[in-house]
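# Topology and contacts: notes
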Amino acid sequence: MRSLRSRAIVGGVVWTSVCLILGGIALFSFFDSITLKRFDDILIGRHLQLVVAISNSGDNPQMIEAFMTDPAYDRPYSGSYWQVAGPGGVLVTSQSLFDTVFPEEPMASTEPSFWVGPGPAGAIRGVHQLVSLDDGPPWVVSVAESLTNLDRERNQIRRNLIIAFGLIAALGCAWAS
């Protein structure tokens, strides 16, 4: 009889451990995708702001800066960047890019597309799009953010999940004994 009880406890512990591990992996993946989606939604919003600034600038790229009011765009290497390129190359960039420009990307399409590349102060994730307003020239509109904040948020979520699952495991072990 004692042997049957021991096997039941060991089986319960094994299945609980498997469920905790699989549940943890699923939650890590789920929260990582939500965090990336939120990061990308912010990039799309900033990209739209830049497109609106271009449409309000009256084909004068130097006027775009007046419409981009986020203070992060004024601090060199702040982690928030934008750039507008035309047929002849880069026309204007945020002051945060300082003395650099975004890396050359494959030909931009008329739909926003995401990219990852090196930035002035580490890796960045950005979105770019080929935009033509009225009969003006086509411009490649790009906005990017440092991946540091995304990585920091993902690591915080992972730490919190590990603590939560550790607490569940500790309570399960205490209850089983």
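Use the structure listed above.
Below, the structure is looked at part by part. Predicted model only: the values in this text are computed from it and were never measured. (Residues numbered from 1 in each chain as written. Predicted model: local features only at pLDDT ≥ 70, side-chain atom pairs only at ≥ 80, totals over all residues. Heavy atoms only, no water.)

## Let's talk about the packing of aromatic side chains
The description of two aromatic rings rests on the distance between their centres and on the angle between their planes. Scanning the model with the defined rule gives three aromatic pairs in all. Look at tyrosine 77 and phenylalanine 98: their rings are 5.7 Å apart centre to centre, the planes differ by 75°, and that puts the pair in the edge-to-face class. Here the residue tyrosine 77 occupies a position in the loop between helix H2 (64-67) and strand E1 (80-86), and phenylalanine 98 occupies one in the loop between strand E2 (89-93) and strand E3 (113-119), the gap between them amounting to 21 residues. (Phe/Tyr/Trp six-rings, centres within 6.5 Å; stacked < 30°, edge-to-face > 60°. Helix = DSSP H or I, 4+ residues; strand = E, 2+ residues; numbered from the N terminus.)

## Remarks on the side chain of glutamine 129
Structurally, glutamine 129 can be placed in strand E4 (residues 122-131). A polar contact is formed between the side chain of glutamine 129 and the backbone oxygen of threonine 110, at a distance of 2.6 Å. The contacts of glutamine 129, once residues within four sequence positions are left out, are His47, Ala108, Ser109, Thr110, Glu111, Pro112, Trp139, Val140 and Val141. (Polar contact = N/O pair within 3.5 Å; in protein donor to acceptor, adjacent residues only side chain to side chain. Contact = heavy atoms within 4.5 Å.)

## Some details on the pattern of salt bridges
A complete count under the given rule lists seven salt bridges for this structure. What you see here is one network of salt bridges that share partners, running through Asp32, Arg154 and Arg158. (Salt bridge = Lys/Arg side-chain N within 4 Å of Asp/Glu carboxyl O.)

## Notes on the side chain of serine 146
Within the secondary structure, serine 146 sits in strand E5 (residues 139-146). The exposure class of serine 146 is buried, given its relative accessible area of 11%. If near-sequence neighbours (up to four positions away) are discounted, serine 146 is found in contact with Phe39, Gly79, Ala123 and Ile124. (Buried < 20%, exposed > 50% of the residue type's maximum accessible area, 1.4 Å probe, protein only.)

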